[in-house]
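Letter by letter, the chains look like this.
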Amino acid sequence: MSGLLRSSIENPEGLEDYALERSLHSRPVTNESEQTTLTITSIPDEDASESREDSSAELIDIKVDKFPFNIGRKSESKLLAENDLHIKDSYPNTVSRGHCCIDQVEDRFLIRDRFSRLGTILNGEPLGRKGKNFAGDLNDGENELILGQENSPHKFLITLERQAD
């Protein structure tokens, strides 16, 4: 599959009221002195075989426009906060149902591990149970995000661009 596919973020059937309630708690990207662009792009797994169900078949290139932005495995469970980005993952799962989120605290942008089973790696630093912290700051420019262990096929490039007015 060539090129990047735009990922559409959809709400599962029957969760419209829940999604509306959640949107009241979501915060749009805000910064008075700067225009900030935050994008997530999948990094294709060169070692994945074409026959594997979760092999980079779904490439992602999306703009983050609200916080927190929840990332997790696609699931039928309605117990966890609804994910904004659903990751297709098959057994044995690398990605937890509520794996991590991107959040904004004043002018800082960060990744928070949401108590995932295998952890999150941000720019080579483990977050979560296997790391020293559950959150890490995103740097300006490109950041590498790995869901699970170092050999996980679920790798992303998060680009943070700030432009002064």
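Definitions and limits used
Residues numbered from 1 in each chain as written. Predicted model: local features only at pLDDT ≥ 70, side-chain atom pairs only at ≥ 80, totals over all residues. Heavy atoms only, no water. Core = buried A, V, L, I, M, F, W, Y, C linked by side-chain atoms within 4.5 Å. Buried < 20%, exposed > 50% of the residue type's maximum accessible area, 1.4 Å probe, protein only. Helix = DSSP H or I, 4+ residues; strand = E, 2+ residues; numbered from the N terminus. Contact = heavy atoms within 4.5 Å. Salt bridge = Lys/Arg side-chain N within 4 Å of Asp/Glu carboxyl O. Polar contact = N/O pair within 3.5 Å; in protein donor to acceptor, adjacent residues only side chain to side chain.

Asks: Mind showing me how you'd approach the nonpolar core here?
Replies: Generally speaking, soluble globular proteins have nonpolar side chains that are buried together. Ranked by size, the top nonpolar core spans 23 residues in total, and within it Leu38, Ile40, Ile71, Ile102, Ile111 and Leu138 carry the most contacts. Those elements that provide at least two residues to this core are β2 (34-43), β5 (69-73), β6 (85-87), β7 (100-105), β8 (108-113), β12 (141-147) and β13 (155-164). In terms of residue count, β13 provides more of this core than any other element does, three residues in total. Apart from residues lying up to four places away in sequence, Ile40 is in contact with Ile60, Asp61, Ile62, Val64, Phe69, Ile71, Leu85, Ile102, Phe156, Leu157 and Ile158.

Asks: Could you clarify how one ought to interpret the pattern of salt bridges in this entry?
Replies: Think of it this way: side chains of opposite charge can pair up when their charged atoms draw near. According to the stated counting rule, one finds four salt bridges in the structure shown. Residue Asp84 is joined to Lys66 by a salt bridge in which the shortest nitrogen-to-oxygen separation is 2.9 Å. One end of the pair, Asp84, is in the loop between β5 and β6; the other, Lys66, is in strand β4 (residues 66-67), and 18 residues separate them in sequence. A relative accessible area of 15% places Lys66 in the buried class. Arg162 is the salt-bridge partner of Asp140, the closest N and O atoms lying 2.7 Å from each other. Of this pair, Asp140 sits in the loop between β11 (135-137) and β12 while Arg162 sits in strand β13, and the two are 22 residues apart along the sequence. Judged by its relative accessible area of 52%, Asp140 is exposed.

Asks: So what exactly am I meant to see when it comes to the side chain of Ser116 here?
Replies: On the secondary structure map, Ser116 appears in the loop between β8 and β9 (120-122). With relative accessibility at 0%, the residue Ser116 sits in the buried group. Not counting residues within four places of it along the chain, the set of residues in contact with Ser116 comprises Ser96, His99 and Arg129.

Asks: What's the story with the environment of Asp137 in this structure? I'm lost.
Replies: Tracing the sequence through the fold places Asp137 in strand β11. According to the relative accessible area criterion, Asp137 is partly exposed, its value standing at 40%. Residues Asp137 and Asp103 lie 34 residues apart in sequence; the distance between their C-alpha atoms is 9.5 Å. Apart from residues no more than four positions distant in its own chain, Asp137 is found in contact with Arg108, Phe109, Leu110 and Leu122. A polar side-chain atom of Asp137 sits 2.8 Å from a polar atom in the side chain of Arg108.

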